[in-house]
Amino acid sequence: LRQRLKVWRLRRVEKLALPALNQVWAVSESDARQFRALGAARVQVTPNIIPDAAFTQGPTAGQAGHAAFFGWLAYPPNVEAVEYLLDLAERCAWLTQLSLIGRGLPARLQARIQTNPKVRYLGYVENLAEALREAAAVLIPLRHGAGTKLKVIEALALGKVLVTTPIGAEGLDLVHGRHAWVQSTGADFDACAQAALSNPSAHQDMAHAGQTHARARFSQAALNQAVAEALGSP
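Draft legend 1. Expanded view of the nonpolar core. Grouped together as the largest cluster of nonpolar side chains are 61 residues, with contacts concentrated most on Leu95, Leu100, Leu139, Leu162 and Leu174. With 8 residues, the single largest contributor to this core is helix H3 (residues 76-91). In contact with Leu162, other than residues within four places in its own chain, are Val138, Ile140, Val152, Ala155, Leu156, Leu174, Ala180 and Trp181. Counting residues in each nonpolar core, the second largest holds 8 residues, with Leu18, Val24, Ala40 and Val43 among its members.

Draft legend 2. Region of the structure containing unusual backbone geometry. Phi is positive for Asp173, which is not a glycine, with a value near 55°. Mapped onto the secondary structure, Asp173 falls in the loop between strand S7 (161-164) and strand S8 (181-182).

Draft legend 3. Region of the structure containing the packing of aromatic side chains. In the structure shown here, the tally under the stated rule is 2 aromatic pairs. Look at Tyr84 and Phe189: their rings are 5.8 Å apart centre to centre, the planes differ by 90°, and that puts the pair in the edge-to-face class. Of this pair, Tyr84 sits in helix H3 while Phe189 sits in helix H7 (residues 187-198), and the two are 105 residues apart along the sequence. For the pair formed by Tyr84 and Phe189, the shared burial category is buried.

Draft legend 4. Region of the structure containing H7. Taking 1.5 Å per residue, 12 residues should reach 16 Å; H7 reaches 16 Å between its end C-alpha atoms and fits that length. Among all positions in H7, only Phe189, Asp190, Cys192, Ala193, Ala196 and Leu197 are buried. Down the axis of H7, the sector holding all buried residues measures 160°, keeping them to one side.

Draft legend 5. Representation of the side chain of Lys160 in the model. Tracing the backbone through its elements, the reader meets Lys160 in the loop between helix H6 (150-157) and S7. Among buried charged residues, Lys160 stands out as having no salt bridge; its nearest opposite-charge side chain is Glu134, 9.3 Å away. In terms of polar contacts, Lys160 uses its side chain to reach the backbone carbonyl oxygen of Arg133, at 3.2 Å. Leaving out residues up to four positions away in the same chain, Lys160 has contacts with Thr60, Ala61, Gly62, Leu132, Arg133, Ala135, Val138, Ala155 and Ala207.

Draft legend 6. Seen up close, the sheet that holds S7. Ordered by their spatial adjacency, 6 strands build an open sheet running S5-S4-S3-S6-S7-S8, and the pairing between neighbours is parallel. One side of each edge strand has no neighbouring strand; the edge strands of this open sheet are strand S5 (119-123) and S8. Relative to S5, strand S4 (residues 97-101) runs parallel, the two being bridged by 4 bridges. What sits directly across from Ile101, in S5, is Gly123.

Rules used throughout
- Numbers given for residues are sequential positions, taken from 1 along each chain in its written order.
- Restriction of local features to residues with pLDDT of at least 70 applies here, the model being predicted, together with a cutoff of 80 or more for giving and counting side-chain atom pairs; totals for whole chains, interfaces and linings are based on all residues.
- Excluding hydrogens and water, the side-chain values take into account all heavy atoms of the structure.
- Among buried residues, those of type Ala, Val, Leu, Ile, Met, Phe, Trp, Tyr and Cys that are joined through side-chain atoms within 4.5 Å constitute a nonpolar core.
- Only protein chains enter the accessibility calculation, which uses a 1.4 Å probe. A residue is then buried if its area is under 20% of the maximum for its type, exposed if over 50%, and partly exposed in between.
- Note on conventions: DSSP H or I runs of at least 4 residues are helices, E runs of at least 2 residues are strands, and numbering of each starts at the N terminus.
- Contacts: residue pairs with any heavy atoms within 4.5 Å of one another.
- Only the six-membered ring of Trp is used, alongside the rings of Phe and Tyr, when aromatic pairs are assigned; centres must lie within 6.5 Å, and planes under 30 degrees apart are stacked while those over 60 apart are edge-to-face, with the rest tilted.
- Residue count minus one, scaled by 1.5 Å, sets the expected span of a helix.
- What the arc covers is the set of directions going from the helix axis to the C-beta atoms.
- When charges are tallied, Lys and Arg are placed among the positive residues and Asp and Glu among the negative ones, while His and the ends of the chain are skipped.
- One speaks of a salt bridge when a side-chain nitrogen belonging to Lys or Arg is within 4 Å of a carboxyl oxygen belonging to Asp or Glu.
- Throughout this description, a polar contact denotes any pair of N or O atoms lying within 3.5 Å of each other; where both atoms belong to protein, one of them has to be capable of donating a hydrogen while the other can accept it, and for residues adjacent in sequence the pair is counted only when both atoms sit in side chains.
- By definition, two strands form a pair when at least two bridges between them are found by DSSP.

Rendered as structure tokens:
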């Protein structure tokens, strides 16, 4: 109830303030549509980005059967995603190794990992590109979460084949089958994950397209251009 009241108050402020502003900046087109619906007259999209240093020179195929997931592992949507991947590792022979990268993995999941030799928990790493080098694909089965999913952009920037969900791809304009596989968790997600892991070299065109998309839309140059256009508009 307290959260609903907070949302109602915030929405009321937005409805009063947005029509009075000369310009509103949104981080995605989906956010921009919501601002327009609330009365904003002029909305510019200025995307969230990742550092240019996060981009690799090109895709890396990795080893068949090796999947990875990274992020702040104490965040509830990430915890749920890790649980999904642990279930996948336990029941699917085609997933031969799962690397979990990031701080904060709950103790109960660490205990579960100890019983499965296919899963390794790397914790925090200084060099994410190196930690993902052997992974054939990054699997991000998010079912919940708000805002820009920077881990999805990072996976694309690192030249990895990506399998994620509509929630993971929200606001990123990813085309399923071109930039990444985008499917809801369940049979469709699992089938895409199996395809990605079974033959990594067969999907490097997708990895390249995803990396190109990330560089065009979520790099420093993309943000500079969007800000220049916003400040230059009447």
